[in-house]
Amino acid sequence: MSKKMMYLVLLGVLFVVVVESLTAQPPPPPGRDFGGRRGRDFGASTAQPPLPANEEEKKILSVLDEMNQGQGRAMMNVPREDGRLLRLLTESINAKNVVEIGTSNGYSGIWFCLALRTTGGKLTTHDIDEGRASLARENFKRAGVDKLVTLVMGDAHETIKNLKEPIDVLFIDADKEGYTDYLTKLLPLVRPGGLILSHNIESAPRDFVDAINKNPDLETVQAQGVTVTLKKRQGQ
Ligand SMILES: C[S@@+](CC[C@H](N)C(=O)[O-])C[C@H]1O[C@@H](n2cnc3c(N)ncnc32)[C@H](O)[C@@H]1O
């Protein structure tokens, strides 16, 4: 090979090495499993999985783990870190009455129940799909929380009209185009100091996003895939 050819080959190799090092992605941080299933994966603030404090909690968490590893995506479940947040918020406001729109197979519902078994509260959850609802019934039983749950079948736009009691936590996670209707119908029932949690609102209609952000009686922040809205107490 002539000297000129050797220079050209060397230059080519150098070029490839430089381009590869500039475009390489850094590896993900070790030991982090955020359990992301759908929507944006925000990464999580917690590197550790939840730690059970007793046997009952251990059993529920193991059912949630199985569900997360099984049909999480097909069932459109919230990511694990969002589930942890639902539980934490529910327990911290000592919620007694949680209403969920969008049960699916019961994954987020079981996170609520983790809180409700300590607050002495209950979950009323709505779904239109009998197949997913029957999986939810099985999962609530497996987790041992079925006594805390009432599953209402049918179009939630209709079935929620039967709700009468004050709501501590309202979780909206069903048909996106229905978010505004759910909010309009149920906001009057949410107690002052109660929370409206809505999931993946980036694909919800603009009027819903405006309704939770432009009402001075509400205070809204985004946390992972969960948008948290406080119904302010009077005089705040
Ligand atoms: C995103 S999934 C709910 C996921 C669940 N919250 C979880 O994280 O485990 C949405 C659910 O809403 C239900 N849904 C859609 N439209 C509905 C309606 N009009 N009334 C009741 N449920 C509805 C679907 O059948 C589906 O199971």
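Residues numbered from 1 in each chain as written. Predicted model: local features only at pLDDT ≥ 70, side-chain atom pairs only at ≥ 80, totals over all residues. Heavy atoms only, no water.

Section: helix α4 (residues 107-119)
Applied cut-off: Helix and strand definitions follow DSSP, with helices as H or I runs of at least four residues and strands as E runs of at least two, each counted in order from the N terminus. Any helix carries an expected span of 1.5 Å times its number of residues minus one. At every residue, the bend is computed as the angle between two fitted axes, covering the seven residues ending there and the seven beginning there respectively. Each residue is placed in one exposure class: buried if its accessible area under a 1.4 Å probe, protein chains only, is under 20% of its type's maximum, exposed if it is over 50%, and partly exposed if it falls in between.
Helix length check: α4, at 13 residues, gives a terminal C-alpha distance of 19 Å against a target of 18 Å (1.5 Å per residue), a fit within 8%. Within α4, the axis deviates most sharply at Cys 113, by approximately 25°. Restricting attention to buried positions, one finds in α4 the residues Tyr 107, Ser 108, Gly 109, Ile 110, Trp 111, Phe 112, Cys 113, Leu 114, Ala 115, Leu 116, Arg 117 and Thr 119. Where α4 terminates, the next one or two residues include Gly 120, which has phi positive at roughly 75°.

Thoughts on the environment of Leu 88
Along the chain, Leu 88 turns up in helix α3 (residues 80-92). Classification of Leu 88 by relative accessible area gives exposed; the value is 52%. In this structure, the C-alpha to C-alpha distance between Leu 88 and Ala 115, residues 27 residues apart in sequence, is 7.1 Å.

Considerations on the confidence of the model for the chain
The condition is simple: You can read pLDDT as the predictor saying how much it trusts each residue, on a scale of 0 to 100. Contact between two residues is taken to exist if any of their heavy atoms lie within 4.5 Å; hydrogens are not considered.
With 80% of its residues at a pLDDT of 70 or more, the chain shows a mean pLDDT of 87. Between residues 25-37, whose pLDDT stays under 50, and residues either more than four places distant or in other chains, the model counts 21 contacts.

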